[in-house]
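As a plain string of letters, each chain reads:
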Amino acid sequence: MLPSVYHGIWRAAVHTLRTSRGTPPRRFLSSCDGLPVGLADAETIFALSSGHGRCGVAVVRASGPASATVLRCMAGLTRSLPPPRTALLRSITDPQSKEVLDRGLVLWFPAPHSFTGEDCVEFHIHGGPAVITAVLQALGSVPGMRPAEAGEFTRRAFQAGKLGLTEVEGLGDLIHAETEAQRRQALRQMSGELGHLYQDWSYRLKRCLAHVEAFIDFSEDELIEDGVLNQVDRSVCDLQAEIERHLKDERRGERLRSGVHVVIAGATNAGKSSLLNTLCQRPAAIVSPIAGTTRDVVETALDIGGFPVLLSDTAGLRESPDLVEREGVRRARERVEQADLTLVVVDCTNLPSDAQQASAFLQEHLRSVLPSQEQPETVFPANRFLLVLNKTDLLPQEQKLKLDGELRQVSGLSPFCLISCHNNEGLQDFLTVLHSHVKTLCGDPLSGAPTLTQARHRAHLQQCFAALAQYQQYRDIDLALAAEGVRLALTSLGRITGRVGAEEILDIIFKDFCIGK
Amino acid sequence: MLTKKLPPLRSFLVQVSRHASHIARQQYDVIVVGGGHAGTEAAAAAARVGAETLLVTQKIHTIGALSCNPSLGGVGKGQLVKEVDALDGLCGRAGDWAGIHFSILNRRKGPAVWGPRAQLDRERYRKFIQSELLSTPRLTVVEGSVEDLLVTEPNPEEPGHHKVTGIRLENGSDPISASSVILTTGTFLTGSLFMGQTMSPGGRIGDAPSSAGLSRTMRERLGLRIGRLRTGTPPRIVKDSVDLAQAHLHLPDSPPTPFSFLNTHTRCKPEEQLPCYLTYTTPGVERVVQESLHLNCHIQQDAKGPRYCPSIESRVLRFPGRKHQVWLEPEGVTSDLLYPQGLSMTMPPDIQLRLIREIPAMHRAEIHTPGYGVQYDFVCPTQLSPALQVKSTQGLFLAGQINGTTGYEEAAAQGLWAGVNAARWALSMPAVTLSRTESYIGVLIDDLVSRGVTEPYRMFTSRAEFRTSLRPDNADLRLTLKGFEEVGCVSSLRYQEAVRVRDSLHEALAALQSLVLSSPNWKKKLPDIHICEAKNGMDVLQYSDVSFEMLASAFPECLSPYMEFSQRLKIEAVYKRHCDLQRKEIARIQKEENMSLPQDMDYISLPVSLSNEAREILDRVRPSTLGAATRLQGITPAAIVHLLHYVRCIGQKERQRHRSQPDQKEERKEDLCASSASLPQ
């Protein structure tokens, strides 16, 4: 199941596009669904606006009616707000614990003179991940604040007439790209320990809701014991305690690896592990002329031109009767699915000598290595893969030049690099191309930045926790309102683990109970 | 009081033409085929909207017959009854007239999920419905069997698109023409009855099967996708043969609460109500089922049956080794039969007898009519618009079991809405839709047309996302005003009552809010209640131990005028905070639902960036609004944005084109993206 991190994104876009038909811009009406009772319904969003990677300064931005409050309580400006659009050096503190998080610049942009046309605040803080995480989490703890959805700042800007229509024409593509980045990021996390934890909570919440709903819809006519609700009470209590513990736990279970995820993939014996070893300048992976040497994923952290990269070498893709190797291939495919950038390595001695045939061969190869695309009619997005033709030392010089020249004529294959891991020929050019790719990817604050996802998860978990309190509050007074609490909790958690529909709840009801009326 | 005195039946029967050859006219605005719960509501609603309406049914005598259980309402279903009543439909008032055992289910679980329910007297229900229909202006009732549906040849410019022109009856008379035809054939469309190893054509025991022509036209000429479902009914038990002392007595509410917003009490006096009885199955029942499986063709068939109204066979097969409830329900004041709810079965009659006698209270019971199973065709409802009109056939509307639902209330709700829209279509008025944010009827129709069904569809409160706003108590405020002002299916009498209620509630809420006291002063007024931080009367009324009556006696001068609304005000106070929170979400969804997608869009070749999977889903389901499209599995937000962008662009081009060469359709095209009414194609 894909996590539906983009739940609610498009409707905001829909709203934006619609109002562009001539009606005056109205206040942005994004979803507050899942916002439990007690949290303010004002819509103030925040996000890391600068890219990540090694940088001196990071910019965190907030937009919406609570911006002024945030500025006051986090920059210690109790008396008055700073003059508009003027940088001010302040200590930035956590509004709850009053702990100083960083010392940095704050800027106040009152509406309408801001990027989004709303009240905006910018925090220019030190670029380390610990500081960024702390500031994002502090922002998330202020009532009424939530992490921005993909493209949301842009949409608000358009809403306020700050962007032209042409900029918004690309909104669909923007949202697509950003949701894709979020999806990959979420996939990585969901396949880990944390993912299992959230899935388990989601499963238990679904059962709680199904049992409450069964009690509401069927208990008058059917044999549904009162004990069902007591079970739900216990489950809700347990969940509340676990979520609370999780929110307090600073270790948060597992370390989320920061950096652009680059995966090396391709057929067996193409030289993938040699490429890894060449890039990290040490024999991190075993290389041998035997096909299928690499069986598990070999992971190594690199610094490419100042940007953090998490490089993974994977098993060669082939059908194998060997169970261990098959598992390796499955893991390889999973990695490619989650990758920000895939280096598709091809043994260039395997290429047909005819240029056209070689091009067709490579196209076919890309299709078999890269995950199936949502938009089959378009070619693979060029920023998601890099074709590496290895072992050029084994080609005669003139054939190599011919191949290079002819392949450059073919669209859809570019970018590609001819290298030899054996004698390092072409390596410098390859590193330049790789560097520019990584740089582009790092410019997108969403890819590879676990802090943002963490802040998002935290906000949703807090909402989930608050909603469960509504169940407790109404359990004995009004079961419909109590059920609403569980439903809201599940919606909040569903922002992380994927949406849960009414039919799914009914399925559980019919599986667990004999309903006959 | 009951506002409608039941007129003597005989005087109305003379107005009815018994045979089609005698009917006064050969042309109607709306023809309704079928006289069940969907057909009767449809015919009455169409006539209320102002259409000359003809109801064709096999037997006038069976109009309004309760084919299965003698009860109305329940959890989720009761909400539908209240909504049908709020739109001036029949079933709520008929229930108040015919009810003999009233109870509000879920009384302890919160007003949003209360389930008004009643056991009915079959005779009284039927007679009330018949007398209502026969006295409805603009409505003619005729006995007859429909041989075929008359449709035009498809428009060459739009292949596969037809238009309904009327019907032909089996007696060979001239065709009867109409702009709209509503089919409410229930289980009669290619219906088969099953009992033991025998199978016979038909939709209900004792009635003739429907014509094969109708089914053929639907499948072959109109090319509609048809599925097959099954259901069943239990044997009817002779009351005197049951040892009721061995069953648990279940008493009704006293006083009974009526369904209808127009009624303050029911026809049945509190003390005249009849009880129900509860018994349980035994291991013997399971044994009989197991031993007779080879004699039971219905249970061996693979047509989908309901999971929530399963036959006793499927119950014990799915959950073996458990005891299951069996309710023994009265069939009427003078009836000597009992209805064993939960014992629907299709085995041979001698084995049915063996089975029921395994239940202690029925160890000597006699069967009056054996149970049987029905398999029938239904039209996959994703082929319908939210007005319940077949998308590819102008003027053809479907309601009830033919759309894959089960239950009287679900049928009545669809019937009413199909009747309204069929009449509006015939009278050249734009279609109207109900949103899932404002009514259970909207939830029902939206689920049907945008998701389709895989098993008989029944309403549950858990299907309604905005359950706390869509309560049985406020159905009148949600629907009656709109029903009069925008839809035209509500009488002015009912409208005026709803306006009075709305205004009084507003005044009362304002009065409560203006009662602002300090905590010590509240303490003085209500010494038994521990009040902290309450600001006004509304806040105080939210407390679980405060009733409106208590406040009214503390502040008689400003609150006593509203005593008749005490319960509603208490509910409003408790739910206000939650409903306010939901209102924003509702506004957002309504905005999406107000964006129509053209029905003739070619999703497969649409020049936008959409995955093949998304194209196939959109092509198959053809959502009528963007809101419906978002609820489809497999449609990504990016796909929706691309889709919206495209629709907006063609909407602009259309407008420009029409500006240069105006024609009468301009108004309709203008609303391409923005109309709240879905467009006829």
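Quick caveat: nothing in here was measured; it's all calculated off a predicted structure. (Residues numbered from 1 in each chain as written. Chains lettered and ligands numbered in written order. Predicted model: local features only at pLDDT ≥ 70, side-chain atom pairs only at ≥ 80, totals over all residues.)

### Notes on the overall build of chain B
So, point 1. Per the secondary structure count, chain B includes 23 helices and 21 strands.
So, point 2. Looking at chain B as a whole, 55% of its 681 residues are labelled buried. (Helix = DSSP H or I, 4+ residues; strand = E, 2+ residues; numbered from the N terminus. Buried ≥ 20, exposed ≤ 12 C-beta atoms within 10 Å, placed from the backbone.)

### Here we look at the overall build of chain A
So, point 1. In terms of regular secondary structure, chain A is built from 16 helices and 12 strands.
So, point 2. For chain A, with 517 residues in total, the buried portion stands at 47%.
So, point 3. Partitioning the intrachain contacts of chain A with sequence separation of at least 6 by distance along the chain shows that 70% fall at a separation of at least 24. (Contact = placed C-beta atoms within 7 Å.)

### Comments concerning the domain arrangement of chain B
Residues and elements named next belong to chain B.
So, point 1. Split into domains, chain B comes out as domain 1 (26-232 + 376-487), domain 2 (236-372), domain 3 (501-591) and domain 4 (594-670).
So, point 2. Across the boundary between the two partners, domain 1 contributes 42 residues, which contact 47 residues of domain 2.
So, point 3. Listing elements by their share of the side of domain 1 that touches domain 2, those giving two or more residues are β3 (71-73), α3 (77-86), α4 (91-98), β4 (99-105), β5 (115-120), α5 (122-134), β10 (192-195) and β12 (226-233).
So, point 4. When residues of the side of domain 1 that touches domain 2 are assigned to their parent elements, the largest contribution, 6 residues, is made by β4.
So, point 5. Looking at side-chain class alone, the side of domain 1 that touches domain 2 contains 15 nonpolar, 15 polar and 12 charged residues. (Domains from an automatic or database assignment. Nonpolar A, V, L, I, M, F, W, Y, C, P; charged D, E, K, R; others polar.)

### Concerning the nonpolar core
Across soluble globular proteins, nonpolar side chains have a tendency to be buried as a group.
So, point 1. Counting 117 residues, the largest nonpolar core has V30, I31, A42, A46, V181, I182 and L398 of chain B as the members making the most contacts within it.
So, point 2. With 12 residues, helix α11 (residues 408-426) of chain B is the largest single contributor of residues to this core.
So, point 3. Inspection of this core shows a minimum of three residues originating in each of domain 1 (26-232 + 376-487) and domain 2 (236-372) of chain B.
So, point 4. When residues no more than four places from it in sequence are discounted, the contact partners of I31 of chain B are L54, V56, G166, I167, I176, A178 and V181 of chain B.
So, point 5. Y198 and I496 of chain A together with L105 and L515 of chain B belong to the second-largest nonpolar core, a separate cluster that totals 56 residues. (Core = buried A, V, L, I, M, F, W, Y, C linked by C-beta atoms within 7 Å.)

### As for helix α13 (residues 475-487) of chain B
All names here are of chain B.
So, point 1. Its 13 residues give α13 an end-to-end C-alpha distance of only 15 Å, which falls more than 12% under 18 Å, the value for a rise of 1.5 Å per residue.
So, point 2. All of the buried residues in α13 are A475, D476, R478, L479, T480, G483, F484 and V487.
So, point 3. Following α13 by one or two positions, G488 has its phi on the positive side, about 85 degrees. (Expected span 1.5 Å × (residues − 1).)

### Here we look at the sheet that holds β10 of chain B
Paired through their backbone hydrogen bonds, the strands of a sheet run either parallel or antiparallel.
All names here are of chain B.
So, point 1. Here 4 strands make up an open sheet; going across it, the order is β11-β10-β19-β12 and the pairing antiparallel. Of all the strands in the sheet, the pair left with one neighbour each is β11 (198-201) and β12. Sheet twist, expressed as the average angle between the axes of neighbouring strands with direction ignored, equals 25 degrees.
So, point 2. As judged from the 3 bridges shared by β10 and strand β19 (residues 372-379), these two strands associate in the antiparallel manner. Within β19, the residue paired with S192 across the bridge is Q375. (Pairing = 2+ DSSP bridges. Axes fitted to C-alpha atoms, helices over the stretch in contact; angles between N-to-C directions.)

### Details of the packing of α11 of chain B against helix α12 (residues 440-451) of chain B
Residues and elements named next belong to chain B.
So, point 1. Two elements in contact, α11 and α12, have axes whose closest approach is 10 Å; the angle formed by their N-to-C orientations is 90 degrees. Relative to α12, the element α11 lies roughly perpendicular. Touching E410, A413, Q414 and W417 of α11 are I441, L444 and I445, all from α12.
So, point 2. Looking at the contact of α11 with α12 residue by residue, the classes come out as 5 nonpolar, 1 polar and 1 charged. (Parallel < 35°, antiparallel > 145°, perpendicular 65-115°, else oblique.)

### Some words on the environment of V329 of chain A
Residue and element names in this part refer to chain A.
So, point 1. Position of V329 among the secondary structure elements: in helix α10 (residues 323-338).
So, point 2. Spatially, the C-alpha atoms of V329 and A265 are 9.9 Å apart, while their sequence positions differ by 64 residues.
So, point 3. If we skip the residues at most four places from it in the chain, V329 touches A315, L317 and S320.

### Regarding the pairing of strand β8 (residues 162-169) of chain B
Residues and elements named next belong to chain B.
So, point 1. Of the strand pairs in this sheet, strand β7 (residues 146-151) and β8 are connected by 5 bridges, and their pairing is antiparallel. Each residue of the ladder has a partner; that of L150, found in β8, is G166.
So, point 2. Summarising the sheet, β8 and strand β20 (residues 393-394) pair through 2 bridges and their orientation is parallel. In the strand pairing of β20, K163 is matched with Q394.

### Some words on the sheet that holds strand β12 (residues 416-418) of chain A
All names here are of chain A.
So, point 1. Strands sit in the order β8-β9-β7-β10-β11-β12 across an open sheet of 6 strands; the sheet is mixed. Each edge of the open sheet carries a strand with a single partner, namely β8 (298-304) and β12. Averaged over neighbouring strand pairs, the angle between their axes works out to 25 degrees when direction is ignored.
So, point 2. Strand contacts of helix α11 (residues 355-369): β7 (260-266), β10 (341-347) and β11 (385-390), with the helix running at about 135 degrees to β10, the strand carrying the most contacts.

### Some points on the confidence of the model for chain A
Residue and element names in this part refer to chain A.
So, point 1. Mean pLDDT over chain A works out to 75, with 70% of the residues at or above the 70 mark.
So, point 2. In the model of chain A, helix α1 (residues 9-19) stands out as the element of lowest mean pLDDT, 37, in contrast to strand β5 (residues 120-126), which has the highest, 92.
So, point 3. Of the regions scoring below 50 in pLDDT, residues 251-256 engages in 9 contacts with residues more than four places distant in sequence or in other chains.
So, point 4. Note on residues 374-378: pLDDT is under 50 here. Beyond four places in sequence and across chains, it has 4 contacts. (pLDDT = per-residue confidence, 0-100.)

### Notes on α12 of chain B
Residues and elements named next belong to chain B.
So, point 1. Over its 12 residues, α12 extends 16 Å from the first C-alpha to the last, a length consistent with the 16 Å expected when each residue adds 1.5 Å.
So, point 2. A large share of α12 lies buried, amounting to 12 of its 12 residues.
So, point 3. Within the sequence span of α12, burial applies to Y440, I441, G442, V443, L444, I445, D446, D447, L448, V449, S450 and R451.
So, point 4. As for α12, its buried residues are in contact with α3, α11, α20 (612-621) and α21 (626-630).
So, point 5. One or two steps after α12, the chain reaches G452, where phi turns positive at roughly 80 degrees.

### A closer look at the confidence of the model for chain B
Residue and element names in this part refer to chain B.
So, point 1. Looking at chain B as a whole, the pLDDT averages 86, with 88% of positions reaching at least 70.
So, point 2. Taken as a whole, residues 1-15 scores under 50 in pLDDT and shows 20 contacts with residues more than four places along the chain or in a different chain.
So, point 3. Listed scores for the predicted complex are pTM 0.72 and ipTM 0.78.

### Let's talk about unusual backbone geometry
So, point 1. Residue P112 of chain A follows A111 of chain A across a cis peptide bond; omega there is 0 degrees.
So, point 2. Position of P112 of chain A relative to the elements: it lies in the loop between β4 (100-109) and β5.
So, point 3. Residue P255 of chain B follows S254 of chain B across a cis peptide bond; omega there is 0 degrees.
So, point 4. The phi torsion at D88 of chain B lies on the positive side, around 70 degrees, for a residue other than glycine.
So, point 5. Mapped onto the elements of the fold, D88 of chain B is located in the loop between α3 and α4.
So, point 6. By C-beta crowding, D88 of chain B is classed as buried, having 26 other C-beta atoms within 10 Å.
So, point 7. At N106 of chain B, a position not held by glycine, the phi torsion is positive, near 60 degrees.
So, point 8. On the secondary structure map, N106 of chain B appears in the loop between β4 and β5.

### Points about the packing of helix α2 (residues 37-49) of chain B against α11 of chain B
All names here are of chain B.
So, point 1. At their nearest, the axes of α2 and α11 sit 7 Å apart, and the two run at 30 degrees to each other. One way to sum up the angle between α2 and α11 is to call them roughly parallel. Seen along the crossing, α2 lies across α11 with a hand that is right-handed. Where α2 approaches α11, its residues H37, A38, G39, T40, E41, A42, A43, A44, A45, A46 and V49 are matched on the opposing element by Y408, A411, A412, Q414, G415, L416, A418, G419, V420, A422, A423 and R424.
So, point 2. By residue class, the composition of the contact of α2 with α11 is 15 nonpolar, 6 polar and 2 charged. (Left-handed = near helix turned anticlockwise from the far one by under 90°.)

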